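# Tertiary structure, described
One-letter residues, chain by chain:
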2 protein chains.
Amino acid sequence: MTPPPDGSGLSLETLPLRADLRGLTPYGAPQLDVSVRLNTNENPHPPSAGLVDAIGKASALAATEVNRYPDREAEALRADLGAYLAADAGFPLRPGRIWAANGSNEVLQQICQAFGGPGRTALGFTPSYSMHPLIALATATGWIDEPRGADFTIRPEAAADAIRAHRPSIVFLASPNNPTGTALPLDVVAAACAAVAENAAVGGRDAGGVVVVDEAYAEFRQAGVPSALTLLPSCPRLIVTRTMSKAFTLAGARLGYLAADSAIVDALHLVRLPYHLSVFTQAVARTALAHTGELLGTVEAIKVQRDRIVDEVRALGGQVVPSDANFILFGRFPDQAAVWSALLDRDVLVRDVGLTGWLRVTAGTEAETSAFLTALADVLTHLPPIRP
Amino acid sequence: MTPPPDGSGLSLETLPLRADLRGLTPYGAPQLDVSVRLNTNENPHPPSAGLVDAIGKASALAATEVNRYPDREAEALRADLGAYLAADAGFPLRPGRIWAANGSNEVLQQICQAFGGPGRTALGFTPSYSMHPLIALATATGWIDEPRGADFTIRPEAAADAIRAHRPSIVFLASPNNPTGTALPLDVVAAACAAVAENAAVGGRDAGGVVVVDEAYAEFRQAGVPSALTLLPSCPRLIVTRTMSKAFTLAGARLGYLAADSAIVDALHLVRLPYHLSVFTQAVARTALAHTGELLGTVEAIKVQRDRIVDEVRALGGQVVPSDANFILFGRFPDQAAVWSALLDRDVLVRDVGLTGWLRVTAGTEAETSAFLTALADVLTHLPPIRP
């Protein structure tokens, strides 16, 4: 934030900014011009020529009626998303149980607007996705931080105890978790859902809550790990959020979505901005969903590079946290910021997520991954990791 | 809101919905399948074949990098928007003074998140755009309703008095106003800006506010009516919002924006969701801005139909409110709902905005406008208007 160059005398200090926003800086990773960008967990594979062509055609078709407002309900897109999720859920999800918005951040914001707000709290298990507390803050929802264990896992009893103690309106879980890559066993999710239901049974409607499992990276999970979607029939207060930014290569298209009980989707209707999803967003997302097979092929390629990073970082003497995502938390370093800078000097951008001793790297293409591993090997000769 | 068919027992009544949202129904005009849709102030002219083609090409180009996150700052788009506004402002507006989001509703929501919130209020002069109080509600901002005069105008002294009395954090003005079509003289805007600055001078930083002039329909204003943009140099607390939904025929693309002091734009950065504008939204909006001349041609055609509606409704014995927009408030009827239904029976959809005695109609194509006027003449033989 620089002082105003408008000569108006107005500044953040003289404006009536909300008190709880004072001193914040805007969220966002540095957008640096670097050859190997492995800092924002993007899918390194651009869409195929066929998909690019299909997106252009779908957009042109959408443009012929762009003078009209879009389908406010995005019915066709929600039907396609429900059909896609059926494979992971094990049962069909009709459009009334699906909701979509401009990125999963907007989905999460709508959840906080509907169920959070002044006098209410959201509870998360950190370290986790740093937007969860920021979205809570922006919606004037209080935030309760529960620490994960030393290995970044959550015990079911610990989750239930925290929820019973704090009676949050919203519980955030993430699986696989960002920035650690940790997948949650379903018994943690089930324990959280049971605890919010128990709170409602004991304390009444407003003492209950909803449980959000942020599955942004679900498609990258290891074989045999079930999705929280499978718990929807037994956990009505469960919301599973997803994104098309990662597996579907659509970070630039901004499409997040969720599956939940239809009553929860009804509640989100009360806070969504009308016509929030453009005709282009709807058309592009549907086009990508029609290319699911091709896009999930990139997921397999990325998983190969992820597992390669795990093996090679260990071979270099480093530690890695087991990952079900398209990124790896690696370390530990006496000074992770120095390692981050040394990698940047070698034209490789990773993420310092603020976890002492650790850095996060996205699994890129084979070439990008090789560039990272070569740079890291070089850096570690000067800045060795802490021995386990 | 129907009861949940999921068999879960969950419903809006048993969920911990925010107390102030209970009993609401989702915002939105009926989306009915009717030949002549004149209910949501859309531009009736679809984009030209040339623009459709350009949008398709721009979208395909954007798709080649859609695996990467978009430019979080939308710098190029904001530069284009600032260049476009210079004609109405009378001076250039650099990107740091421009902000854009998914529809002006999201722009307004970000303003409420930054400057409103718990314990704060927004003040509007009703009847006006009904989303203003709804966005205040969704962001937990209190709402103060000041009535307009019988002719739907606002006196500068009345505006200043209300602002001094209530010390709102946000003042909403709309010019041309929806649903009345009324343009605000600049002395009203200047008086509001002076009053919020006086509140800050007297009561300190948090007693001050910002003044939002919602100029969604500005391009349709009558010749000689200045934009509030011209006041930006003398009113640092002024925010002028615009949309590409109307004059630019992009209702389906969702692009709203604002011009303000750069310190205000800095504040919005603290609440915006990162990467909120997709690569497609940015590309489509820039493509339309490159076709400004063509699109503003549709504005002239619409103004002809608007002025025709004014003349012909008066000739039919009805009353109209002077309009600077692409719609007309007409009446007055003993039962406006009966007239609305009778028009719908004749395949013409207009808007009952909840103002006793009045209905709102959008100026359509020449053919749509003729269909409306023919239907109205027929209806008025059975349901005559109240004589002035």
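All chains use their own residue numbering, which begins from 1 and follows the written sequence. The order in which chains are written sets their letters, starting at A; the order in which ligands are written sets their numbers, starting at 1. Selection of residues for local features in this predicted model requires a pLDDT of at least 70, selection of side-chain atom pairs for listing and counting requires 80 or more, and totals for whole chains, interfaces and linings are taken over all residues. Hydrogens and water molecules were not included; the side-chain quantities draw on all heavy atoms of the structure.

## A word on the overall build of chain A
Put simply, DSSP H or I for four residues or longer makes a helix, DSSP E for two residues or longer makes a strand, and each gets a number counted from the N terminus. When helices and strands are counted, chain A shows eleven helices and twelve strands. We compute the radius of gyration from the C-alpha atoms alone; for a globule the expected value is 2.2 Å times N to the 0.38, where N is the number of residues. For a compact globule of 388 residues, the expected C-alpha radius of gyration is about 21 Å, and chain A comes in at 21 Å, within 12% of that figure. Its C-alpha atoms give chain A principal-axis dimensions of roughly 60 × 55 × 55 Å. In this scheme, a residue with accessible area under 20% of its type's maximum is buried, one over 50% is exposed, and one in between is partly exposed, where area comes from a 1.4 Å probe on protein chains only. Sorting the 388 residues of chain A into buried and exposed places 63% on the buried side. When charges are counted, Lys and Arg are positive and Asp and Glu negative, with His and the chain ends excluded. Think of each charge as sitting on NZ of Lys, CZ of Arg, CG of Asp or CD of Glu. The averaged location of the 39 negative side-chain charges in chain A is 4 Å from the averaged location of its 31 positive side-chain charges.

## A few points about the packing of helix α2 (residues 75-89) of chain A against helix α8 (residues 279-289) of chain A
All names here are of chain A. Every angle, taken between N-to-C directions, lies between 0 and 180 degrees, and every axis is a line fitted to C-alpha atoms, over only the stretch in contact when it is a helix. In the contact formed by α2 and α8, the axes pass within 10 Å of each other and the chain directions differ by 30 degrees. What the angle tells us is that α2 and α8 run roughly parallel. In terms of crossing hand, the pair formed by α2 and α8 is left-handed. For the pair formed by α2 and α8, the contact residues are Ala76, Leu77, Asp80, Leu81 and Tyr84 on the first element and Gln282, Ala285, Arg286 and Leu289 on the second. When grouped by side-chain class, the residues that make up the contact of α2 with α8 number six nonpolar, one polar and two charged. Comment on the angle field: the value is read as roughly parallel under 35 degrees, roughly antiparallel over 145, roughly perpendicular from 65 to 115, and oblique elsewhere. Working rule for handedness: look at the near helix, and if it is turned counterclockwise from the far one by less than a right angle, call the crossing left-handed; if clockwise, right-handed. In what follows, residue pairs with any heavy atoms lying within 4.5 Å of each other are defined as contacts. Three categories are distinguished: nonpolar for Ala, Val, Leu, Ile, Met, Phe, Trp, Tyr, Cys and Pro, charged for Asp, Glu, Lys and Arg, and polar for the others, with Gly belonging to the last.

## Considerations on the sheet that holds strand β9 (residues 319-320) of chain A
Consider a sheet: its strands pair through backbone hydrogen bonds, and that pairing is either parallel or antiparallel. All names here are of chain A. Two strands pair under a simple rule: DSSP has to find at least two bridges between them. Pairing in this open sheet of three strands is antiparallel, and the strands run β9-β10-β12 from one edge to the other. Two strands lie at the open edges of the sheet, namely β9 and β12 (358-362), each paired on one side alone. By the bridge criterion, two bridges tie β9 to strand β10 (residues 327-331) in an arrangement that is antiparallel. Among the inter-strand pairings, valine 320 is bridged to a residue of β10, identified as phenylalanine 330.

## Let's talk about the relation of the copies chain A and chain B
Superposing chain A onto chain B requires a rotation of 180 degrees together with a translation of 0.0 Å along the rotation axis, leaving an RMSD of 0.0 Å. Between the two chains, the operation in question is that of a two-fold axis. Minimal C-alpha separation from the rotation axis in chain A is found for Gly56(A), amounting to 2.4 Å. Here the copies were fitted onto each other by least squares, based on C-alpha atoms from residues at pLDDT of at least 70 in both.

## Looking at the interface of chain A and chain B
Contacts between the two partners involve 100 residues from chain A and, on the opposite side, 100 residues from chain B. Two parts placed together each lose some accessible area; with a 1.4 Å probe, that loss summed over both constitutes the buried area. When the buried surface of chain A facing chain B is broken down by residue, Arg68(A), Tyr69(A) and Leu270(A) rank first, second and third, together holding 9% of it. In the sections that follow, a salt bridge refers to a side-chain nitrogen of Lys or Arg positioned within 4 Å of a carboxyl oxygen of Asp or Glu. In this assembly, chain A and chain B are joined by four salt bridges. Counting of polar contacts relies on pairs of N or O atoms within 3.5 Å, with two restrictions inside protein: one atom must be capable of donating a hydrogen and the other of accepting it, and residues adjacent in sequence are counted only when both atoms are side-chain atoms. The tally of links between chain A and chain B comes to 37 residue pairs in polar contact (both at pLDDT 80 or more). Going through the elements one at a time, α1 (49-63), α3 (104-115), α4 (131-138), α7 (262-269) and α8 of chain A are the ones with two or more residues in the side of chain A that touches chain B.

## Comments concerning the pattern of salt bridges
Taken as a whole, this structure holds 38 salt bridges over all chains when the rule is applied. In this structure, Glu300(A) engages Lys303(A) in a salt bridge whose closest nitrogen and oxygen atoms are separated by 3.7 Å. Taken together, the residues span about one helical turn, with Glu300(A) and Lys303(A) both in helix α9 (residues 292-315) at a distance of three residues. In this structure Glu300(A) comes out as partly exposed when scored by relative accessible area, which is 46%. On the basis of relative accessibility, which here comes to 15%, the residue Lys303(A) falls in the buried class. Here Arg164(B) ties to Glu198(B) by a salt bridge, and the two come within 3.4 Å at their closest N and O atoms.

## Side note on helix α7 (residues 262-269) of chain B
Residues and elements named next belong to chain B. Counting buried residues along α7, eight of its eight residues qualify, which places the element largely inside the surrounding structure. For α7, the set of buried residues is Ser262, Ala263, Ile264, Val265, Asp266, Ala267, Leu268 and His269. Looking at where α7 begins, the residue whose side-chain oxygen comes 2.9 Å from the main-chain nitrogen of alanine 263 is aspartate 261.

## With respect to unusual backbone geometry
Residue and element names in this part refer to chain A. Cis geometry is found at the peptide bond from threonine 126 to proline 127, where omega equals 5 degrees. Within the secondary structure, proline 127 sits in the loop between β3 (121-126) and α4. With omega at -5 degrees, the peptide bond leading from serine 175 into proline 176 counts as cis. Inspection of the secondary structure puts proline 176 in the loop between β5 (170-174) and α6 (186-203). Unusually for a residue other than glycine, threonine 249 sits at a positive phi of about 60 degrees. Tracing the chain through its elements places threonine 249 in the loop between β7 (238-243) and β8 (256-259).

## Brief notes about the sheet that holds β8(A)
Residue and element names in this part refer to chain A. Spatial strand order, β2-β8-β7-β6-β5-β3-β4: seven strands in an open sheet with mixed pairing. One side of each edge strand has no neighbouring strand; the edge strands of this open sheet are β2 (98-101) and β4 (142-147). On average, adjacent strands in this sheet sit at an angle of 25 degrees to one another, irrespective of strand direction. Bridge analysis of β3 against β5 gives three bridges, and the strand direction is parallel.

## A word on the side chain of Lys246(B)
For Lys246(B), the position within the fold is in the loop between β7 (238-243) and β8 (256-259). With residues near it in sequence (within four places) discarded, Lys246(B) still touches Tyr69(A), Thr40(B), Asn41(B), Asn43(B), Ala216(B), Tyr217(B) and Phe220(B).

## Quick look at the pairing of strand β2 (residues 98-101) of chain B
In regular strands, side chains alternate between the two faces of the sheet. Residue and element names in this part refer to chain B. A two-sided burial pattern is seen for β2, the buried positions comprising Ile98 and Ala100 on one face and Trp99 and Ala101 on the other. By the bridge criterion, four bridges tie β2 to β8 in an arrangement that is antiparallel. In the sheet register, tryptophan 99 faces β8, and the bridge partner there is leucine 258.

## Structural notes on the domain arrangement of chain A
Residue and element names in this part refer to chain A. Domain extents, as shown, originate in an automatic or database domain assignment. By the assigned domains, chain A splits into domain 1 (12-47 + 294-380) and domain 2 (49-291). Placing a centre on the C-alpha atoms of domain 1 and another on those of domain 2 gives a separation of 24 Å. Along the contact surface separating domain 1 from domain 2 lie zero salt bridges. For the pair domain 1 and domain 2, the interface holds 16 residue pairs in polar contact (both at pLDDT 80 or more). Counting only elements with at least two residues in the side of domain 1 that touches domain 2, the list comes to α9, β10 and β12. With nine residues, α9 is the largest single contributor of residues to the side of domain 1 that touches domain 2. The class makeup of the residues in the side of domain 1 that touches domain 2 is 16 nonpolar, seven polar and eight charged.

## Digging into the packing of helix α9 (residues 292-315) of chain B against helix α11 (residues 366-382) of chain B
Between two packed helices, the angle of one axis relative to the other and the distance separating the axes together describe the packing. Residues and elements named next belong to chain B. At a minimum axis distance of 10 Å, the contact between α9 and α11 shows a crossing angle of 15 degrees. When the axis of α9 is compared with that of α11, the two are roughly parallel. Judged by the sense of rotation from one axis to the other, the crossing of α9 with α11 is right-handed. In this structure, α9 uses Gln305, Arg308, Ile309, Glu312 and Val313 to contact α11, whose residues at the interface are Glu366, Thr369, Ser370, Phe372, Leu373 and Leu376. Taken together, the residues that form the contact of α9 with α11 break down as five nonpolar, three polar and three charged.

## Observations regarding the nonpolar core
Definition used in this section: a nonpolar core is a set of buried Ala, Val, Leu, Ile, Met, Phe, Trp, Tyr and Cys residues joined via side-chain atoms within 4.5 Å. Counting 185 residues, the largest nonpolar core has Phe330(A), Phe372(A), Phe330(B) and Phe372(B) as the members making the most contacts within it. Apart from residues lying up to four places away in sequence, Phe330(A) is in contact with Val313(A), Gln319(A), Val320(A), Leu343(A), Gly357(A), Trp358(A), Leu359(A), Arg360(A), Val361(A), Phe372(A) and Leu376(A). Counting 33 residues, the second-largest nonpolar core is a separate cluster that includes Leu17(A), Leu21(A), Ala114(B) and Ile135(B).

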